[in-house]
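Fold and geometry: a report
The residues making up each chain are set out below.
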Amino acid sequence: MADVDQGSTFSSESASPALDSLNANVSNGTDSTNATVAKFVSTPEGTALAYGSLVFMALLPIFFGALRSVSCAKSKNSSDMPETITSRDAARFPIIASCTLFGLYIFFKIFSQEYINLLLSMYFFVLGILALSHTISPFMNKIFPANFPNKQYQLLFTQGSGENKEEIVNYEFDTKDLVCLCFSSVVGVWYVLKKHWIANNLFGLAFALNGVELLHLNNVSTGCILLGGLFVYDVFWVFGTNVMVTVAKSFEAPIKLVFPQDLLEKGLEASNFAMLGLGDIVIPGIFIALLLRFDVSLKKNTRTYFYTSFFAYIFGLGLTIFVMHTFKHAQPALLYLVPACIGFPVVVALLKGELTEMFRYEESSPLPEVASNEEKETEKKEK
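Going by the annotation in an unreviewed UniProt entry, the name recorded for the protein is Histocompatibility (minor) 13, with Lepisosteus oculatus given as the source organism.

1. Observations regarding the packing of helix H1 (residues 44-72) against helix H5 (residues 197-214)
Contact geometry for H1 and H5: axes closest at 7 Å, N-to-C directions at 35 degrees. In this structure, H1 crosses over H5, and the sense of that crossing is right-handed. Where H1 approaches H5, its residues Met 57, Pro 61, Ile 62, Phe 64, Gly 65, Ala 66, Arg 68, Ser 69 and Cys 72 are matched on the opposing element by Asn 201, Leu 205, Ala 208, Leu 209, Val 212, Glu 213 and Leu 214.

2. Things to note about the pattern of salt bridges
If you walk through the whole model with that rule in mind, you get four salt bridges. Of the charged contacts, one joins Asp 89 and Arg 92 as a salt bridge, the two residues approaching to 3.3 Å between their closest N and O atoms. Pair noted here: Asp 89 and Arg 92 are both in helix H2 (residues 87-110), with a separation of three residues, about one helical turn. Judged by its relative accessible area of 11%, Asp 89 falls in the buried class. What makes Arg 92 partly exposed here is its relative accessible area of 31%.

3. Some words on the side chain of Thr 135
Along the chain, the position of Thr 135 falls in helix H3 (residues 113-143). A polar contact of 2.8 Å, which involves the side chain of Thr 135, links it to the side chain of Asn 210. Setting aside residues no more than four positions away along its own chain, Thr 135 makes contact with Arg 68, Ala 206, Leu 209 and Asn 210.

4. Observations regarding the state of the cysteines
By definition, a disulfide is the covalent link that joins the sulfur atoms of two cysteine residues. One pass over the structure, following the stated rule, counts zero disulfides. Free of any disulfide, Cys 180 has its nearest neighbouring cysteine sulfur in Cys 182, separated by 9.3 Å.

5. A few points about the nonpolar core
One finds Val 247, Phe 251, Ile 281, Tyr 305 and Tyr 313 to be the most contacted residues of the largest nonpolar core, which totals 90 residues. For this core, the leading source of residues is helix H9 (residues 279-297), giving twelve residues. Once you skip the residues sitting within four places of it in the chain, Tyr 305 turns out to touch Leu 291, Phe 294, Asp 295, Leu 298, Pro 345, Val 348, Ala 349, Lys 352, Glu 354 and Met 358.

6. As for a nonpolar patch on the surface
Together, Phe 102, Ile 106, Phe 107, Ile 110 and Phe 111 make up a nonpolar patch on the protein surface, roughly 490 Å² of accessible area in all. Mapping Ile 110 onto the fold places it in helix H2.

7. Some points on the pairing of strand E4 (residues 152-159)
Summarising the sheet, E4 and strand E5 (residues 166-174) pair through eight bridges and their orientation is antiparallel. Within the sheet, the bridge partner assigned to Gln 154 lies in E5 and is Glu 172. Taken together, E4 and the strand that follows it, E5, pair antiparallel across an intervening segment of six residues, in which Gly 160 is found at a positive phi of about 85 degrees.

8. A short note on the pairing of strand E7 (residues 256-260)
Of all five residues making up E7, five are buried, and the element is well covered by its neighbours. A two-sided burial pattern is seen for E7, the buried positions comprising Lys 256, Val 258 and Pro 260 on one face and Leu 257 and Phe 259 on the other. In this sheet, strand E8 (residues 273-277) lies alongside E7 in antiparallel orientation, the contact comprising five bridges. Within E8, the position partnered with Phe 259 by the bridge is Ala 274.

Each value, and the rule that gives it
Residues numbered from 1 in each chain as written. Predicted model: local features only at pLDDT ≥ 70, side-chain atom pairs only at ≥ 80, totals over all residues. Heavy atoms only, no water. Axes fitted to C-alpha atoms, helices over the stretch in contact; angles between N-to-C directions. Helix = DSSP H or I, 4+ residues; strand = E, 2+ residues; numbered from the N terminus. Left-handed = near helix turned anticlockwise from the far one by under 90°. Contact = heavy atoms within 4.5 Å. Salt bridge = Lys/Arg side-chain N within 4 Å of Asp/Glu carboxyl O. Buried < 20%, exposed > 50% of the residue type's maximum accessible area, 1.4 Å probe, protein only. Polar contact = N/O pair within 3.5 Å; in protein donor to acceptor, adjacent residues only side chain to side chain. Disulfide = S-S within 2.5 Å. Core = buried A, V, L, I, M, F, W, Y, C linked by side-chain atoms within 4.5 Å. Patch = residues over 30% accessible without salt bridge, like charges linked within 9 Å, V, L, I, M, F, W, Y side chains within 5 Å. Areas by Shrake-Rupley, 256 points an atom, 1.4 Å probe, with all protein chains shown as cover. Pairing = 2+ DSSP bridges.

Here is the structure:
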């Protein structure tokens, strides 16, 4: 369904390094990195299953990542604190992403593709284990029995001594976290050895959910700047040059979700993949998560803007698929996702007379206060 535009590294200001400018062209090519029209003619059932599965998988990290982002900002654990993207970061991001993309293009032209991808595999192996462990931790905590012997640990690394002692690393974890880490390591080894599409998707979903949860836009204007800039970036590098396609053909990393169109014929060993790049999930996803936090700040017990933008994302993704099949050509998904995800909530805000309030909303202290009030109301109901 989508061909990965490119896999690069987030700037330090934008946090999670696995989720930079991972935008996607919608494509149904036989080659997992081919942006051209497919030679393989899949069955209608196989195509529907692949596209439906990709859409479903794309919605999971957006929905759950947005919910987790609401409580993320008030976390006392420094490793779970969100990275805030300002308007300045958003304006520079397409330029940094373009430079990174072109840099990767030069690297693949000069150096051996085999050695570069070996380094990338090790890099994403470590990141994938950490991301997947963080993702499944809340779910695993509900599975463990109450009498599970859960011991606390602390990894402390300091510099100096006495009054001049300075903490470099101070990470607290428990036995349950170690179990999650072991499970994630098994998936990581599976991915490195086999490059299986299921292992790829587990890492991809983890990256996407962590991105939506931990990357916070400080206001709606910043979101519009970021999405608008990447809209231009995506269209230019897809339609204007062959740089993105060249990098996509050379880049091997879990920076996309894939699903085989020939699954019904070949089972788990299927190899004709439809794809969706993580950037087409994370970039709109952090904007949708912002609108959910805006809904919470209104204290109206409604999620109007969240559901509006969520369904706008589904509409945009569906439109991308429709255009691809109509014109038989790979499409940059952000070309359709950005207008939908911005336009639908803005129209709703105009109809409700809350447009000014929406654009004045700032990601600051009110949200944790609102969240804590909701928790107090929940506790009262439970009592």
